[in-house]
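Structural characterization, general
One-letter residues, chain by chain:
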Amino acid sequence: MTRPPDFATRSVHAGGGRNPSSGIAPPIFQTSTFKLASAREGVELMQMSAPERFYTRWGNPTTKQLEAAISELEGGEAALAFSSGMGAIAATTFSILSAGDHALFAKALYSATTEMAQQVLPRFGVEVSFAEGSDLAALRSAVRPRTKLIFFESPTNPTLEICDLEGLARIGRESGALTVVDNTFASPYNQNPLRLGIDLVLHSMTKYIGGHSDLTGGVVAGKREHIEACWKMLKIFGACLSPFEAWLAIRGLKTLAVRVERQNASALAVARHLARHPAVERVHYPGLPEHPGHGLARKQMRGFGGMVSFEVRGGLAAATRLVESLKLITLAVSLGGAESLIVHPASMIHGLLSEETLRAQGILPGLLRFSVGLEAPEDLIADLEQAMAAGGR
Ligand SMILES: *Cc1c(COP(=O)(O)O)cnc(C)c1O
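The model shown is predicted, which means the values in this text are computed figures rather than measured ones.

Rules of the game
- Numbers given for residues are sequential positions, taken from 1 along each chain in its written order.
- Given that the model is predicted, a residue must reach a pLDDT of at least 70 before its local features are reported, and side-chain atom pairs must reach 80 or more before they are shown or counted; all residues, however, enter totals for whole chains, interfaces and linings.
- Calculation of side-chain values draws on the structure's entire complement of heavy atoms; hydrogens and water are dropped beforehand.
- By salt bridge we mean one thing: a side-chain nitrogen of Lys or Arg within 4 Å of a carboxyl oxygen of Asp or Glu.
- We count a stretch as a helix when DSSP gives it H or I for four or more residues in a row; a strand needs E for two or more, and each element gets its number in order from the N terminus.
- When a residue's accessible area, from a 1.4 Å probe over protein chains only, is under 20% of the maximum for its type it is buried; when over 50% it is exposed; and in between it is partly exposed.
- Neighbouring residues are identified by heavy atoms, a residue being near a molecule or strand if any of them is within 4 Å of it.
- Under this definition, polar contacts are N or O atom pairs within 3.5 Å; protein pairs additionally need one hydrogen-donor-capable and one acceptor-capable atom, and for neighbouring residues in sequence, both atoms have to be side-chain atoms.
- Here, Shrake-Rupley sampling with a 1.4 Å probe gives the accessible areas, and only protein chains in the shown set may cover a residue.
- Amino acid classes used here: Ala, Val, Leu, Ile, Met, Phe, Trp, Tyr, Cys and Pro are nonpolar; Asp, Glu, Lys and Arg are charged; the rest, including Gly, are polar.
- By definition, two strands form a pair when at least two bridges between them are found by DSSP.
- Residues enter a patch when their relative accessible area is above 30% and they make no salt bridge; the linking distance is 9 Å between like charges and 5 Å between nonpolar side chains (Val, Leu, Ile, Met, Phe, Trp, Tyr).
- Comment: axis = line fitted to C-alpha atoms, over the contacting stretch for helices; angle = value between 0 and 180 degrees taken between N-to-C directions.
- The contact rule is simple, with two residues in contact once any of their heavy atoms fall within 4.5 Å.
- Aromatic pairs are defined between Phe, Tyr and Trp rings, using the six-membered ring for Trp, whenever the two ring centres lie within 6.5 Å; interplanar angles under 30 degrees are classed as stacked, those over 60 as edge-to-face, and all others as tilted.
- The rule for a charge over a ring is simple: NZ of Lys or CZ of Arg within 6 Å of the ring centre, and within 35 degrees of the ring normal.
- Here the angle decides the label: under 35 degrees means roughly parallel, over 145 means roughly antiparallel, 65 to 115 means roughly perpendicular, and every other value means oblique.
- Two helices that cross are described as forming a left-handed crossing if the nearer one is turned anticlockwise from the farther one by less than a right angle, and a right-handed crossing if clockwise.

**Points about the pattern of salt bridges**
Tallying each qualifying case throughout the model produces 10 salt bridges. We note a salt bridge from E132 to K107, for which the minimum N-O separation is 3.9 Å. Taken together, the residues span a long stretch of sequence, with E132 in the loop between β3 (127–131) and α6 (136–142) and K107 in the loop between β2 (102–106) and α5 (111–120) at a distance of 25 residues. For E132, a relative accessible area of 26% gives the class partly exposed. The salt bridge involving K299 is made with E166; its shortest N-O contact spans 4.0 Å. On the criterion of sequence distance, the pair formed by K299 in helix α12 (residues 294–300) and E166 in helix α7 (residues 165–175) is long-range, its members being 133 residues apart. Classification of K299 by relative accessible area gives exposed; the value is 56%. The class for E166 is partly exposed, based on a relative accessible area of 35%. A single salt-bridge network, built from bridges that share partners, covers D101, R146 and K148.

**As for the site of the ligand**
Taken together, 14 residues lie near the ligand, and G85, M86, D182, T206 and K207 sit nearest. A distance of 2.6 Å separates a nitrogen atom of the ligand from a polar side-chain atom of D182. Surface burial for the ligand is 92%, taken as the share of its 380 Å² of free accessible area covered by protein chains. The element best represented in the shell around the ligand is helix α4 (residues 85–96), accounting for three residues. Here the shell around the ligand is composed, by residue class, of five nonpolar, six polar and three charged.

**Some words on the pairing of strand β7 (residues 218–222)**
Across a regular strand the side chains alternate sides, sitting on one face of the sheet and then on the other. Of all five residues making up β7, five are buried, and the element is well covered by its neighbours. Where strand β1 (residues 78–82) lies against β7, five bridges are found, and the strand directions are antiparallel. Among the inter-strand pairings, A81 is bridged to a residue of β7, identified as V219. Here strand β6 (residues 200–204) runs beside β7; their pairing, made up of five bridges, is antiparallel. Counterpart to H203 in the pairing with β7 is V219.

**Re a nonpolar patch on the surface**
A grouping of L331, V333 and M348 is seen on the molecular surface, where their side chains present a nonpolar patch of about 260 Å² in accessible area. Within the fold, M348 resides in helix α14 (residues 345–348). Look at M348 and you get partly exposed, because its relative accessible area is 37%.

**Some words on the sheet that holds β1**
Taken together, seven strands build an open sheet; the order of strands is β1-β7-β6-β5-β4-β2-β3 and the sheet is mixed. At either margin of the open sheet sits one strand with a lone partner, and together these are β1 and β3. Taken over all neighbouring pairs, the strand axes of this sheet differ in orientation by 20° on average, direction set aside. Alignment of strand β5 (residues 178–182) against β6, held across three bridges, turns out to be parallel. Within the sheet, the bridge partner assigned to V180 lies in β6 and is L200. Helix α3 (residues 61–74) contacts β1, β6 and β7 of the sheet and is inclined by roughly 130° relative to β1.

**Let's talk about the environment of P145**
Mapped onto the secondary structure, P145 falls in the loop between α6 and β4 (147–153). Separated by 44 residues in sequence, P145 and D101 place their C-alpha atoms 9.1 Å apart.

**Some words on the pairing of strand β12 (residues 367–371)**
By the criterion of burial, β12 is predominantly enclosed, with five of the five residues buried. A two-sided burial pattern is seen for β12, the buried positions comprising L367, R369 and S371 on one face and L368 and F370 on the other. Where strand β9 (residues 307–312) and β12 come together, five bridges link them in antiparallel fashion. Bridging from a neighbouring strand, V308 pairs with F370 of β12. Bridge count for strand β11 (residues 341–343) against β12 is three bridges, and the pairing is antiparallel. Across the sheet, L341 pairs through a bridge with S371, a residue of β12.

**Overview of the packing of aromatic side chains**
Enumeration according to the criterion identifies eight aromatic pairs in this entry. Among the aromatic side chains, those forming a connected cluster through ring pairs are F54, W58 and W231. Its guanidinium or amino end placed over the ring of W58, K235 lies 4.6 Å from that ring's centre, counting from NZ or CZ.

**Observations concerning the packing of α4 against helix α9 (residues 224–237)**
Their axes nearest at 8 Å, the elements α4 and α9 cross at an angle of 120°. In this view, α4 runs oblique relative to α9, as classed from their interaxial angle. Once α4 is placed against α9, the crossing between them reads as right-handed. Between α4 and α9, the contacting residues are A91, T92, F94 and S95 on the first element and A229, C230, M233, L234 and F237 on the second. Across the contact of α4 with α9, the residue classes break down as seven nonpolar, two polar and no charged.

See the structure below:
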């Protein structure tokens, strides 16, 4: 039996079969609409799900190539791209839920997903509750007869907890609820939730898939019937990806494996360094043996990711001084790009979520979330060192 090609090989070529024109770099179909051969063809296309050449909000050949690539890499039957991660998350959620349903969300989630769950869904008659992602027993007992959606992230934002995805998938299957995992922090290189039995996987392509902090996009992958339901929402809510950004995302995929491999290695080096540092109270990185989810991460992930969170001693004041003293690492939201970025979650998402939610998510005043970029790890460590020394003065 021949071995299937490695992820690195597949990520270079995935979706390429849809590009007969050059066979190498794909064309950008920068058009909003497509000429119809006849009125009859128009009628036929309008009856199709996600036609490729009808109207770009409905589908576009460049976007389709990206979707084919993501679906292949995540191990789905189909995928659907959006103009942002939140576009994908909102459309997917609304494709599953109706008034009277119950939805179970992780306690620790991307802030806008938490806002949607807390503030938007209840307005439409959906009952929402929250469970700890790292506690399967609690999760199982939080499922209700009307639970239709179970939505989790792993590793979580920003404290990088690990959720047992096979266990989560089992609970979903037993209860008849669809399981959805936001896989943004792991990237498709480090983790493939569909292969662990999860129903739908989501990404903010703004992060690792784009990889260069120059595009905003989202994607969902899974079974064809579920993706078709998402497409019906995309068509109405309208968060379609532009063909140019689809092209950028395809370009990003070709280097995903080398970028993430480097980020995995650099993040581990940074995490090890910080774990020994006297100014650091605690490091959250699933690659460290002392991380509570380390064993699970070893089992379900290919690498531990490029995100490291750490708590500095001295709380809010020390954390603020540190981020303002950095010279190489940039204070900015977002993650997954070539440039290392750092955020101070307690102050930066403070306005969006209540004190109680922040505490429940483990967002302490001294916590910093570091997206390790492609710079040499020694330079990143040196910058952290000089900033911690400056902050101590
Ligand atoms: C950034 C992010 C999102 C939202 O993606 P956008 O592209 O900004 O809409 C969702 N989930 C996670 C985990 C993210 O990091």
